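Breakdown of the fold
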Amino acid sequence: MAEVNVSLGERSYTIYIGNALLPNYVERLPHKLNQQLLVITNPTISQYYLKPLLKSFAGHQVKVFEMRDGEQFKSLDSYAEAMDILIDAGFNRDCGIIALGGGVVGDLAGFVASTFQRGVDFYQIPTTLLSQVDSSVGGKTAVNHPQGKNLIGAFYQPKSVVIDIDCLQTLTERDYRSGLAEIVKYGVIYDADFFQWLEQHTEELNQQDPAALTYAIQRSCEIKAEIVALDEREKGLRALLNLGHTFGHAIEAATEYGAWTHGEAVAAGIIIASKLSEVTQRLNSSDFRRIKDLLLALGLPTKGPQMPWQNWLDYMQRDKKVKDGQLHFVLPVAIGQAEVVSTVEHNTVAAVITECC
């Protein structure tokens, strides 16, 4: 079992990565688990992993909230349902919220934990590749609004993250590949050696080779942990983790959080951002080609959906990266290096989007 520490002072926690971790979940934790527990999951996940987890909770008062499956249900309605369960059960501020699922479940559960009784303990058990390498680490929690993704939320760190790689065996091919997009992101923005390793191991990752997958997850978590430790609340460095997300979130919102997975939208967004960087002479053409070729080799989309420029602009202007009325874009400037840019003319952005969609 591998361990990655997220160093945040008194809010530090450990990410545990390995196989067959769920059946002995309680024993894996370095501290006593709360007596009152709410497990938030969904029917897709619970059919495989809920019973093995609940067996380890003997003697605890446990409630389960199975939210509906899909990004469109990461909503205030689902948040209210979870709150009703907690209040009706008489849970107090010593309870714990456990997220058993992907990014949607984790984001909602974290927001519930951050606001119930002004904040209760929160535990992440991510079951998708995307959530294992990204959303479960770093403390971003949120629900969506019809006009934009993750507009209602809070920074709230978990007590621990337990990544059982065996959970990936039940992922659809599409959801597995969605997670690979976030893994590629880490290489593009932070670690050129890791990007090269990904280029050299596309076949193993496509075949879900356990050794390659374990390393990719561990290195992704290490990179995110390093960045979060330096900039927890996204004042500077952490903003680089949003590579492709300004465009990707626009795609998701425009397609009503259903037609595109988050990872697919991010992959298309990475291409738009990289092409924008190339056009503005920040990124050389060779590096742009390497980024595009890697995403293609991993079976990810490199073209976004077509929609009018005004629609793109409307969605992007609702994005959290807008500051002082200006759009901010994360642009790669070399493999392993990126920067936040706010000086790109709208007509240039519009032309690049037209070319990439």
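Look a little higher up for the structure.
Scanning the model with the defined rule gives 1 cavity of 30 Å³ or more in all. As for the largest cavity, its lining consists of 11 residues, and the residues nearest its centre are G148, K149, H249, Y315 and D319.

Now for the side chain of H262. Note that H262 resides in helix α11 (residues 262–279). In terms of polar contacts, H262 uses its side chain to reach the side chain of E182, at 3.0 Å. Leave out the neighbours within four places in its chain, and H262 touches L130, K149, E182, H245, H249 and E252.

Among the 5 residues of strand β9 (residues 160–164), 5 are classified as buried, and the element is accordingly described as predominantly covered. Here β9 shows a buried face lined by S160, V162 and D164 and a second buried face lined by V161 and I163. Here strand β2 (residues 13–18) runs beside β9; their pairing, made up of 4 bridges, is parallel. Residue pairing in the sheet places Y16 in a bridge with V162 of β9. Bridge analysis of strand β6 (residues 121–126) against β9 gives 2 bridges, and the strand direction is parallel. Following the sheet pairing, Q124 is matched in β9 by V161.

Let us now look at the nonpolar core. Counting 77 residues, the largest nonpolar core has L129, I217, F247 and W312 as the members making the most contacts within it. If near-sequence neighbours (up to four positions away) are discounted, I217 is found in contact with I17, L129, Q132, V133, I163, I165 and L168. Membership of the second largest hydrophobic core comes to 24 residues, among which are L38, F65, M67 and L108.

Turning our attention to helix α9 (residues 210–230). Compared with an ideal rise of 1.5 Å per residue, which puts 21 residues at 30 Å, α9 spans 30 Å between its outermost C-alpha atoms and is within 8% of the ideal. Buried residues of α9: A212, L213, A216, I217, R219, S220, C221, I223, K224, A225, I227 and V228, and no others.

Because side chains alternate across strand β1 (residues 2–6), one face comprises the buried residues A2, V4 and V6, and the other comprises E3 and N5, none of which is buried. Looking at chain direction, β1 and β2 are connected through 5 bridges and run antiparallel. Note on β2: the bridge partner recorded for V6 is Y13.

Once that is clear, we can look at the environment of T128. Among the secondary structure elements, T128 is positioned in the loop between β6 and α5 (129–135). Residues T128 and L100, 28 residues apart in the sequence, show an inter-C-alpha distance of 9.9 Å. When near neighbours in sequence (up to four residues on either side) are disregarded, T128 contacts G101, G102, G103, L168 and L171. Among the polar contacts listed, one links the side chain of T128 to the side chain of S131, at a separation of 2.8 Å.

What follows deals with the layout of surface pockets. When its volume is computed, the second largest pocket comes out at roughly 240 Å³. Classifying every residue of the lining of the second largest pocket by side-chain character gives 5 nonpolar, 2 polar and 6 charged.

Before going further, it helps to examine unusual backbone geometry. In the Ramachandran plot, R118 falls in the positive-phi region, its phi being about 65° despite a non-glycine side chain. Here R118 lies in the loop between α4 (103–115) and β6. Given a relative accessible area of 79%, R118 falls into the exposed group. One non-glycine residue with positive phi stands out, namely N150, at about 60°. Mapping N150 onto the fold places it in strand β8 (residues 148–155). Residue N150 is classed as buried on the basis of its relative accessible area, which comes to 15%.

Okay, the environment of L180 next. Structurally, the position occupied by L180 is in helix α6 (residues 173–189). Between the C-alpha atoms of L180 and G263, which are 83 residues apart in sequence, the distance is 7.5 Å. In this view, L180 contacts L129, L298 and L300; residues no more than four positions away in its chain are not counted.

On the basis of which strands lie adjacent, the open sheet formed by 7 strands has the order β1-β2-β9-β6-β5-β3-β4 and mixed pairing. With partners counted over all chains shown, the strands left at the sheet margins are β1 and β4 (61–66), one partner each. Direction aside, neighbouring strands of the sheet carry axes that sit 15° apart on average. In the packing of helix α3 (residues 76–88) onto the sheet, the strands contacted are β3 (36–41), β4 and β5 (96–101), and the crossing angle to β4 comes to about 160°. The strands touched by α9 are β1, β2 and β9; relative to β1, the strand with the most contacts, the crossing angle is about 15°.

Cut-offs applied
- Residues numbered from 1 in each chain as written.
- Predicted model: local features only at pLDDT ≥ 70, side-chain atom pairs only at ≥ 80, totals over all residues.
- Heavy atoms only, no water.
- 1 Å grid on protein atoms, 1.4 Å probe; cavity = no way out; pocket = protein on both sides within 12 Å on 5 of 7 lines; lining within 4 Å.
- Points joined across faces, edges and corners; volume = space filled by probe spheres on them.
- Helix = DSSP H or I, 4+ residues; strand = E, 2+ residues; numbered from the N terminus.
- Polar contact = N/O pair within 3.5 Å; in protein donor to acceptor, adjacent residues only side chain to side chain.
- Contact = heavy atoms within 4.5 Å.
- Buried < 20%, exposed > 50% of the residue type's maximum accessible area, 1.4 Å probe, protein only.
- Pairing = 2+ DSSP bridges.
- Core = buried A, V, L, I, M, F, W, Y, C linked by side-chain atoms within 4.5 Å.
- Expected span 1.5 Å × (residues − 1).
- Nonpolar A, V, L, I, M, F, W, Y, C, P; charged D, E, K, R; others polar.
- Axes fitted to C-alpha atoms, helices over the stretch in contact; angles between N-to-C directions.

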